[in-house]
Amino acid sequence: MIRLDRVSKRYPDGTVAVQELTLEVGRGELVVLVGPSGCGKTTTMKMVNRLVEPTGGRIVVDGVDVTDADPVALRRGIGYVIQNVGLFPHRTIEENIAVVPELVGWKRSRRHERARELMELVGLDPAVHGKRYPHELSGGQRQRVGVARALAVDPPVLLMDEPFSAVDPVVRSQLQDEFLRLQDDVRKTILFVTHDIEEAVRLGDRIAVFKQGGLLEQYDTPAAILGAPETDFVADFVGADRGLKRLSVTAITPADLEHPPVVRVDDELAAANVALGDDRWGVVLDGEGGLAGWVGHDMLTGSGKVRERARRMEAWVQLDDTLKVAFAEMLQWNAGWIAVLDDDDHYVGVLTPATLHAALRRSVEAEAKDVARAEVVLETVQNA
């Protein structure tokens, strides 16, 4: 969808911003350009819509060489989101979103309909926000408007230049969540610039790591870059804690789970005591297979039903959540284990600190050996 072939940018004073860059972005792929300040990542992105003119090489977008295209028409067909949004202060939110549709000649009714549709898509109520002005919105809301405006004429390509860096960390995390949800719906081809490796890891299908001079050091999946940095520069840039960062791109799978004894809420205490055997505790389920809590061996004395003794389980996650989510739950609840539920909220097993660590190790080794995680057999002190 986007192809950069030996692209360079050299300024008249001899400064080289980008040097012989070759890079391809697949249709519907979100690629993050990341690196230290002055490494050429923003220059690279701006050459795609010719806000900066390349001095060498070719840039092809959807089969069209951008250097052969009219730059104004080119920019109207590519969505562009920047850090400070750049909304027109004297236009309403609806009018701001409708700017490009107006420029390309859409009728007023169609512009109005599209603006309202996009406000809903990015989580803004058209009835509440449509007639407001930018100064009446929060920073996070204005950033959502910027994304909506970029999507107005349904462009196949989005360019996003540090779009969430001007808001506080909590709002930034919320915007990232919303953006991932939005991308699941619209599947645009996106070049996304950031200096934050954690944001790159969270959002990107692939990450391009740049160093000064516009040199591409590594281009791969987030898991590969965290697990197997190809150069010392990449290893230093992603940090010595890259193993912890990898938690955020490693999903929980059934193979990661332990399966302690299970009892039901309507079981008699004596029967539950037998079911637990030598285990100190077990998981309590309701009649539908949903999580009802947990019970300890020492809680099963006397007569009655398990429901009378079961303790509520606060720490749980969904299958396919990341190990980072699971680790955060463990820390929040000071839990030695957490339950894992499927999409129907049925219990499927538990994750412990030991199994979480093993899942992370399998992920790293699977990446290094280019095999599925399920095929990795971990060596331990016992089996080495």
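In this text, all values refer to a predicted model and were calculated from it rather than measured experimentally.

## Some remarks on helix H7 (residues 139-150)
1) Next: Its 12 residues give H7 an end-to-end C-alpha distance of 17 Å, which sits within 8% of 16 Å, the value for a rise of 1.5 Å per residue.
2) Next: Of all 12 residues in H7, nine are buried, a share of seventy percent or more.
3) Next: What H7 keeps buried is the set Gly 140, Gln 143, Arg 144, Val 145, Gly 146, Val 147, Ala 148, Arg 149 and Ala 150.

## What about the sheet that holds strand S13 (residues 291-296)?
1) Next: Strand order in the open sheet made by the three strands is S11-S12-S13, with mixed pairing throughout. Each edge of the sheet is formed by a strand with only one pairing partner; in this case those strands are strand S11 (262-264) and S13. Strand-to-strand twist of the sheet, defined as the mean angle between neighbouring strand axes without regard to direction, takes the value 35°.
2) Next: Sheet topology places S11 next to strand S12 (residues 281-285); three bridges connect them, and they run parallel. The partner of Val 262 across the bridge, within S12, is Val 283.
3) Next: In the packing of helix H13 (residues 269-276) onto the sheet, the strands contacted are S11, S12 and S13, and the crossing angle to S11 comes to about 170°.

## Details of the nonpolar core
1) Next: Within the largest apolar cluster, 39 residues are counted, with the highest numbers of intra-cluster contacts made by Ile 97, Met 160, Phe 179 and Phe 192.
2) Next: Beyond its immediate stretch of four places on either side in the chain, Phe 192 contacts Leu 30, Val 31, Val 32, Leu 33, Met 160, Pro 163, Phe 164, Phe 179, Glu 199 and Leu 203.
3) Next: With 28 residues, the next largest nonpolar core counts Met 1, Leu 21, Met 45 and Leu 159 among its residues.

## So, helix H1 (residues 41-48)
1) Next: For H1, a buried count of six out of eight residues is recorded, marking the element as mostly surrounded by other parts of the structure.
2) Next: Among the residues of H1, those classed as buried are Lys 41, Thr 43, Thr 44, Met 45, Met 47 and Val 48.
3) Next: Of the residues flanking the end of H1, it is Arg 50, one or two places downstream, whose phi is positive at about 60°.

## Considering a nonpolar patch on the surface
1) Next: A cluster of nonpolar side chains, Leu 244, Phe 327 and Leu 331, forms an exposed patch at the surface whose accessible area comes to about 310 Å².
2) Next: Mapped onto the elements, Leu 331 comes out in helix H14 (residues 323-333).
3) Next: Here Leu 331 falls in the exposed class, since its relative accessible area comes to 59%.

## Comments concerning the pairing of strand S8 (residues 189-194)
1) Next: Burial of S8 is extensive: six of the six residues sit out of reach of the surface.
2) Next: Alternating residues of S8 divide into Thr 189, Leu 191 and Val 193 and Ile 190, Phe 192 and Thr 194, and every residue in both groups is buried.
3) Next: Taken together, the five bridges between strand S3 (residues 30-34) and S8 define a ladder with parallel strand orientation. Looking at the pairing, Leu 30 lines up with Ile 190 of S8.

## Describing the side chain of Glu 29
1) Next: Here Glu 29 shows up in the loop between strand S2 (16-25) and S3.
2) Next: For Glu 29, a relative accessible area of 13% puts it in the buried group.
3) Next: When sequence neighbours within four positions are dropped, the list of residues in contact with Glu 29 reads Lys 188, Thr 189, Ile 190, Asp 205, Arg 206 and Tyr 219.

## Some details on the pattern of salt bridges
1) Next: Counting across every chain of the model gives 22 salt bridges.
2) Next: Of the charged contacts in the structure, one is a salt bridge between Asp 256 and Arg 362, with a shortest N-O distance of 2.6 Å. Linking Asp 256 in the loop between helix H12 (242-246) and S11 with Arg 362 in helix H15 (residues 353-369), this pair joins segments that are 106 residues apart in sequence. For the pair shown, Asp 256 and Arg 362 are each scored as buried.
3) Next: Lys 305 is paired through a salt bridge with Glu 268; the nearest N and O atoms lie 3.0 Å apart. Within this pair, whereas Lys 305 is found in the loop between S13 and strand S14 (316-318), its partner Glu 268 is found in the loop between S11 and H13, the two being separated by 37 residues in sequence.
4) Next: Using a relative accessible area of 40% as the deciding quantity, one classes Glu 268 as partly exposed.
5) Next: It is possible to trace a salt-bridge network through shared partners that takes in Arg 144, Glu 178, Arg 181 and Asp 185.

## Things to note about the sheet that holds strand S9 (residues 206-211)
1) Next: With mixed pairing, six strands are arranged side by side in an open sheet as S6-S7-S8-S3-S9-S10. Looking at which strands have only one partner, the edges of the open sheet turn out to be strand S6 (78-82) and strand S10 (215-220). Across the sheet, the mean angle from the axis of one strand to that of its neighbour is 15°, orientation sign disregarded.
2) Next: When strand S7 (residues 157-161) meets S8, the two strands line up parallel, connected through five bridges. When the bridges of S8 are listed, Leu 159 appears paired with Leu 191.
3) Next: Taken strand by strand, H7 contacts S6 and S7, and its axis lies near 165° from that of S6.
4) Next: Contacts from helix H8 (residues 169-186) reach S3, S7 and S8 within the one sheet, and its direction differs from that of S8 by about 165°.

Procedures and definitions
- Residues numbered from 1 in each chain as written.
- Predicted model: local features only at pLDDT ≥ 70, side-chain atom pairs only at ≥ 80, totals over all residues.
- Heavy atoms only, no water.
- Helix = DSSP H or I, 4+ residues; strand = E, 2+ residues; numbered from the N terminus.
- Expected span 1.5 Å × (residues − 1).
- Buried < 20%, exposed > 50% of the residue type's maximum accessible area, 1.4 Å probe, protein only.
- Pairing = 2+ DSSP bridges.
- Axes fitted to C-alpha atoms, helices over the stretch in contact; angles between N-to-C directions.
- Contact = heavy atoms within 4.5 Å.
- Core = buried A, V, L, I, M, F, W, Y, C linked by side-chain atoms within 4.5 Å.
- Patch = residues over 30% accessible without salt bridge, like charges linked within 9 Å, V, L, I, M, F, W, Y side chains within 5 Å.
- Areas by Shrake-Rupley, 256 points an atom, 1.4 Å probe, with all protein chains shown as cover.
- Salt bridge = Lys/Arg side-chain N within 4 Å of Asp/Glu carboxyl O.

Keep in mind these numbers describe shape, not what the thing actually does.
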